[in-house]
Amino acid sequence: QVHLVESGGGLVQAGGSLRLSCAASGSAFSINTMGWYRQAPGKERELVATITSSGRIDYADSVKGRFTISRDSARNTVDLRMNSLKPEDTAVYYCKARFVITSWRLEDYWGQGTQVTVSS
């Protein structure tokens, strides 16, 4: 069974920084895309950043210039470095990995989430 485990969340003051990490395990298949999503209370889950196996990166406009996503494909890990944090960044952050099962079949798996709270 595939497991994605996030770590690094916590409480930080506005303007501070946090680094989130995610490790995927339990699958023999390769990962196409890894990314971070977040969900605030009462809000829909939204994309934060994604990175493909070839290194293409996409960021939400709200985090561009502040967050940096990176991955180690050999270890199936993805990190999110968050700088200049704002209270509106407060949310549960989820890691997602898209596995390549066949040339036409992809499967997405999610971690359980890690809480990030940014105080004013």
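Shown above is the structure to which this text applies.
Everything quoted here is computed from the prediction, not taken from an experiment.

### Points about the overall build of the protein chain
In terms of regular secondary structure, the protein chain is built from 0 helices and 11 strands. Starting at the N terminus, the α and β elements of the protein chain follow one another as β-β-β-β-β-β-β-β-β-β-β. The C-alpha radius of gyration computed for the protein chain amounts to 14 Å, which stays within 12% of the reference 14 Å derived for 120 residues, consistent with globular compactness. Its C-alpha atoms put the protein chain at 45 × 25 × 25 Å along the principal axes. Scored against the burial criterion, the 120 residues of the protein chain give a buried share of 40%. Taking the intrachain contacts of the protein chain between residues at least 6 apart in sequence as the baseline, contacts between residues at least 24 apart amount to 54%. The average position of the 14 basic charges and that of the 11 acidic charges among the side chains of the protein chain differ by 2 Å.

### Overview of the packing of aromatic side chains
Remark: the centre distance and the inter-plane angle together describe each pair of aromatic rings, the angle taken between the planes. Across all of its chains, the model carries 2 aromatic pairs by this definition. On the basis of an interplanar angle of 65° and a centroid distance of 5.0 Å, the ring pair of Tyr 37 and Trp 110 is categorised as edge-to-face. Separated by 73 residues along the polypeptide, Tyr 37 in strand β4 (residues 30–39) and Trp 110 in strand β10 (residues 106–110) bring together distant segments of the chain. The buried category is assigned to Tyr 37, whose relative accessible area is 12%. Between Phe 99 and Tyr 109, the aromatic rings sit 5.5 Å apart at their centres with planes inclined by 85°, giving edge-to-face as the arrangement.

### So, the nonpolar core
The biggest cluster of nonpolar side chains holds 29 residues, and the ones touching the most others in it are Trp 36, Val 48, Phe 67, Val 78, Leu 80, Met 82 and Tyr 93. Counting only elements with at least two residues in this core, the list comes to β3 (18–25), β4, β5 (46–52), β7 (67–72), β8 (77–82), β9 (91–100) and β11 (114–119). The greatest single-element share of this core, amounting to 5 residues, is contributed by β9. With residues near it in sequence (within four places) discarded, Val 48 still touches Trp 36, Tyr 37, Arg 38, Asp 58, Tyr 59, Ala 60, Val 63, Phe 67, Leu 80 and Tyr 93.

### Observations regarding the pairing of β11
Of the two faces of β11, the one lined by Thr 114, Val 116 and Val 118 is fully buried and the one lined by Gln 115, Thr 117 and Ser 119 carries no buried residue. Relative to β11, strand β2 (residues 10–13) runs parallel, the two sharing 4 bridges. Bridge pairing in β11 links Leu 11 to Thr 117. Taken together, the 3 bridges between β9 and β11 define a ladder with antiparallel strand orientation. Note on β11: the bridge partner recorded for Ala 91 is Val 116.

### Topic: unusual backbone geometry
Here the phi dihedral of Asn 76 falls at roughly 55°; this positive angle occurs in a residue that is not glycine. Take Asn 76: its relative accessible area is 19%, and that puts it in the buried class. The backbone of Ser 84 sits at a positive phi, close to 50°, despite the residue not being glycine. The residue Ser 84 is located in the loop between β8 and β9 in this model.

Cut-off values and rules
- Residues numbered from 1 in each chain as written.
- Predicted model: local features only at pLDDT ≥ 70, side-chain atom pairs only at ≥ 80, totals over all residues.
- Heavy atoms only, no water.
- Helix = DSSP H or I, 4+ residues; strand = E, 2+ residues; numbered from the N terminus.
- Rg over C-alpha atoms; globule rule 2.2 N^0.38 Å.
- Buried < 20%, exposed > 50% of the residue type's maximum accessible area, 1.4 Å probe, protein only.
- Contact = heavy atoms within 4.5 Å.
- Lys, Arg positive; Asp, Glu negative; His and termini not counted.
- Charge placed at Lys NZ, Arg CZ, Asp CG, Glu CD.
- Phe/Tyr/Trp six-rings, centres within 6.5 Å; stacked < 30°, edge-to-face > 60°.
- Core = buried A, V, L, I, M, F, W, Y, C linked by side-chain atoms within 4.5 Å.
- Pairing = 2+ DSSP bridges.

These values are about where atoms sit, not about what they do.
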